[in-house]
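# Inside the fold
Listed here are the chains, written in short residue letters.
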Amino acid sequence: MSSPSKRREMDLMKLMISDYKVEMINDGMQEFYVHFNGPNDSPYHGGVWRIRVELPDAYPYKSPSIGFINKIYHPNVDEMSGSVCLDVINQTWSPMFDLVNVFEVFLPQLLLYPNPSDPLNGEAAALMMRDRNAYEQRVKEYCEKYAKPADIETAPEEHSSDDEMSDEEYDSSDDAIAGQADP
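Residues numbered from 1 in each chain as written. Predicted model: local features only at pLDDT ≥ 70, side-chain atom pairs only at ≥ 80, totals over all residues. Heavy atoms only, no water.

## Details of helix H3 (residues 99-112)
Taking 1.5 Å per residue, 14 residues should reach 20 Å; H3 reaches 19 Å between its end C-alpha atoms and fits that length. Along H3, the largest kink reaches about 25° and is centred on Phe106; proline Pro108 follows within four residues of it. By the burial criterion, the buried members of H3 are Leu99, Val100, Val102, Phe103, Phe106, Leu107, Pro108, Leu110 and Leu111. The N-capping residue of H3, defined by a side-chain oxygen 3.1 Å from the backbone nitrogen of Val100, is Asp98. (Helix = DSSP H or I, 4+ residues; strand = E, 2+ residues; numbered from the N terminus. Expected span 1.5 Å × (residues − 1). Bend = angle between axes of the 7 residues up to and from the residue. Buried < 20%, exposed > 50% of the residue type's maximum accessible area, 1.4 Å probe, protein only. Polar contact = N/O pair within 3.5 Å; in protein donor to acceptor, adjacent residues only side chain to side chain.)

## A word on the UniProt feature "active site" (unreviewed entry) in the protein
Residues annotated by UniProt as "active site" (unreviewed entry) correspond here to Cys85. For Cys85, the position within the fold is in the loop between strand S4 (65-68) and helix H2 (87-90). When neighbours within four sequence positions are excluded, Cys85 is seen to be in contact with Asn76, Asn90, Leu110, Asp118 and Leu120. (UniProt positions renumbered as here; feature names shortened; annotations may be inferred. Contact = heavy atoms within 4.5 Å.)

## Comments concerning the packing of aromatic side chains
Aromatic rings considered in pairs are described by the distance between their centres and by the relative angle of their planes. One pass over the full model with this rule turns up 10 aromatic pairs. With a centroid separation of 6.2 Å and 55° between ring planes, the pair formed by Phe36 and Phe103 is classed as tilted. Linking Phe36 in strand S2 (residues 31-37) with Phe103 in helix H3, this pair joins segments that are 67 residues apart in sequence. Here Phe36 matches Phe103 in class, with each residue buried. Taking 5.1 Å as the distance between ring centres and 50° as the angle between the ring planes, the aromatic pair formed by Tyr73 and Tyr142 counts as tilted. Highlighted residues: Tyr73 in the loop between S4 and H2 and Tyr142 in helix H5 (residues 132-146), separated in sequence by 69 residues. (Phe/Tyr/Trp six-rings, centres within 6.5 Å; stacked < 30°, edge-to-face > 60°.)

## Quick look at the sheet that holds strand S3 (residues 48-54)
Taken together, four strands build an open sheet; the order of strands is S1-S2-S3-S4 and the sheet is antiparallel. The open sheet has two edge strands, strand S1 (22-24) and S4, and neither has a second partner. Across the sheet, the axes of successive neighbouring strands diverge by a mean angle of 25°, strand direction being ignored. Judged from the seven bridges that link them, S2 and S3 form a sheet pairing that is antiparallel. (Pairing = 2+ DSSP bridges. Axes fitted to C-alpha atoms, helices over the stretch in contact; angles between N-to-C directions.)

## Things to note about unusual backbone geometry
Cis geometry marks the peptide bond from Tyr59 to Pro60; its omega dihedral reads 10°. For Pro60, the position within the fold is in the loop between S3 and S4. In the Ramachandran plot, Asp19 falls in the positive-phi region, its phi being about 70° despite a non-glycine side chain. Taking the relative accessible area as the measure of exposure, Asp19 reaches 74% and is therefore exposed.

## Let's talk about the pattern of salt bridges
Counted according to the given criterion, the structure contains seven salt bridges. Of the charged contacts, one joins Arg52 and Glu31 as a salt bridge, the two residues approaching to 2.1 Å between their closest N and O atoms. Of this pair, Arg52 sits in strand S3 while Glu31 is found in strand S2, placing the two residues 21 residues apart along the sequence. Here Glu31 falls in the partly exposed class, since its relative accessible area comes to 22%. The closest approach of N and O atoms between Glu136 and Arg132, which form a salt bridge, is 3.2 Å. Note that Glu136 and Arg132 are positioned in helix H5 at a spacing of four residues, about one turn of the helix. Salt bridges here are not isolated pairs; linked through shared partners, they connect Glu31, Arg52 and Glu54. (Salt bridge = Lys/Arg side-chain N within 4 Å of Asp/Glu carboxyl O.)

Here's what the structure looks like:
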């Protein structure tokens, strides 16, 4: 690839031809929504989520920012902001990965194999560890209430928590999540 912008364009096109519905935000190719279906053989099956994706200027060398717009009940997704706690995206990202990997591998794996020991939603994690059946029932209730295919078309815009953080906090939290580049 000759440049990050060419790679961004190629990855976005691969995502679009992989039968994902992609909605662009603004005129650039750095922010967009992707419609994501819950994986089969999971309590999320039948749910459809609108995922906001932001590609940093340094993509693919820096990971995309991924967030659920409509609510999801999951130990590793913040219920209020939709932020995802996903090791591959947040810490071990590699330029070898692309956007199709995010939607065909990373997010399905996150939903199929939640990690209650590293929660962003403590209530979901506690319920999952205490009573798996009750947890799965709550997941299904959220799918029915917030993730029906008709709901995604009218999903409200997300309420960004960036407004509540200073630029210094925002910049420092980025470095902490992404870690330092290898020499």
